[in-house]
Amino acid sequence: MNMLLNLSMLEPQEREMLRRGWGTFVAMGVLFALLGVAGLVFVGLATLVTVIFVGWFFAIAGFAGVAHAIVRKGWCGFVPDLLAGLVTGIAGLFIILHPAEGASVLPIVIGPLLLLPALFRLGAGVAMRNPYAGWFIFHGIISLLLGLMILVEWPYTALWVIGTLVSIDLLMDGLRLVSFGLAVKSGAPVEPVAAPPA
């Protein structure tokens, strides 16, 4: 797993600070990985919990939008703000009250949105200076493939896909954090990984 890390990007004082706090990376990584594995084992439950969580976000955001529109009434944007808040809040309530139906609709709504973090991870892994660029690229490829799978296989994947994606994302983050924490603890080689010739 160290081949996905490049600790040479870190300044010596950063490496020393991280070496002293390596355990927090490992502990957080183990927690994320365990949650990811549990989500994969209980994928239906993970889907329903995630859908209900998203429903609450929509409901809270929607009704906060309604309250904001009412407080700011008297300007030309009142009606659009009020309607947007109502639609978002009602959608959230629908998802909370009918999570199975919400699970069947959400993948097609959020599928394209899940591709954005994948593209960011790929771009960040290639363009940005960070010690776990290899993990970013690997995670980005996995997320991109899973995001495309949602869109191609919908609606047949609706009841398991959300829980699976959330669980795999947690597992990937967990593995990255454990790998990084153990690498800085052991003082893994700090030479950059040789890039293949172009």
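> Explain the overall build of the protein residue by residue, including any values.
Along its length, the protein carries seven helices and zero strands. Along its sequence from the N terminus, the protein presents helices and strands in the succession α-α-α-α-α-α-α. Per-residue burial for the protein yields a buried fraction of 36% across its 198 residues. Of the contacts made within the protein by residues no fewer than 6 positions apart, 78% connect residues no fewer than 24 positions apart.

> With reference to specific residues and values, describe the environment of T88.
Tracing the backbone through its elements, the reader meets T88 in helix α4 (residues 78–97). In this structure T88 comes out as partly exposed when scored by relative accessible area, which is 26%. Distance from T88 to A64, taken between C-alpha atoms, is 9.9 Å for residues 24 residues apart in sequence. Excluding anything up to four places from it in sequence, T88 contacts F58, A59 and G62.

> How would you explain the pattern of salt bridges if you had to name every residue and give the values?
For the structure shown, the criterion picks out two salt bridges. Ionic pairing is found between D169 and R121, a salt bridge with its closest N-O pair at 3.4 Å. Residue D169 is located in helix α7 (residues 158–186), and its partner R121 is located in helix α5 (residues 99–127); the two are separated by 48 residues in the primary sequence. For R121, a relative accessible area of 17% translates into the label buried. Here R176 ties to D173 by a salt bridge, and the two come within 3.4 Å at their closest N and O atoms. Taken together, the positions of R176 and D173, both in helix α7 and three residues apart, correspond to about one turn of that helix. A relative accessible area of 12% means that R176 is categorised as buried.

> If you had to explain the nonpolar core to someone new, which residues and values would you point to?
If you look at the biggest cluster of nonpolar residues, it comprises 12 residues: V51, I95, A103, L106, W135, L146, I150, V161, I162, L165, I168 and M172. Every element with two or more residues in this core is listed here: α5, α6 (133–153) and α7. Of all the elements, α7 adds the most residues to this core, at five residues. Beyond its immediate stretch of four places on either side in the chain, V51 contacts I95, P99, G102, A103, L106 and I162.

> Can you tell me about the side chain of R121, naming the residues and giving the values?
A polar side-chain atom of R121 sits 3.4 Å from a polar atom in the side chain of D169. Among all residues touching R121, those that are not within four sequence positions of it are F136, I137, H139, G140, S143 and D169.

> Can you tell me about the packing of aromatic side chains, naming the residues and giving the values?
For any pair of aromatic rings, the description consists of the separation of the ring centres together with the inter-plane angle of the planes. Following the criterion strictly, the structure yields two aromatic pairs and no others. Ring centres of F53 and F57 lie 4.7 Å apart, and the angle between their planes is 80°; on these two criteria the pair is classed as edge-to-face. Of this pair, F53 and F57 both sit in helix α3 (residues 43–71), four residues apart, which is roughly one turn of that helix. In this structure, K185 is placed above the aromatic ring of W22, and the distance from its NZ or CZ to the ring centre is 4.8 Å.

> Hey, could you go over the environment of P80 for me, with residue numbers and the actual values?
Relative to the elements of secondary structure, P80 occurs in helix α4. We classify P80 as partly exposed; its relative accessible area is 49%. Sequence separation between P80 and A69 is 11 residues; the distance between their C-alpha atoms is 8.7 Å.

> I'd like a rundown of the environment of G174, residues and numbers included.
Counting through the fold element by element, G174 comes out in helix α7. By relative accessible area, which is 0% here, G174 ends up buried. As a C-alpha pair, G174 and V26 span 148 residues in sequence and 8.1 Å in three-dimensional space. Excluding residues that lie within four positions of it along the chain, G174 makes contacts with G29, F32 and A33.

The rules behind each value
Residues numbered from 1 in each chain as written. Predicted model: local features only at pLDDT ≥ 70, side-chain atom pairs only at ≥ 80, totals over all residues. Heavy atoms only, no water. Helix = DSSP H or I, 4+ residues; strand = E, 2+ residues; numbered from the N terminus. Buried < 20%, exposed > 50% of the residue type's maximum accessible area, 1.4 Å probe, protein only. Contact = heavy atoms within 4.5 Å. Salt bridge = Lys/Arg side-chain N within 4 Å of Asp/Glu carboxyl O. Core = buried A, V, L, I, M, F, W, Y, C linked by side-chain atoms within 4.5 Å. Polar contact = N/O pair within 3.5 Å; in protein donor to acceptor, adjacent residues only side chain to side chain. Phe/Tyr/Trp six-rings, centres within 6.5 Å; stacked < 30°, edge-to-face > 60°. Lys NZ or Arg CZ within 6 Å of the ring centre and 35° of its normal.

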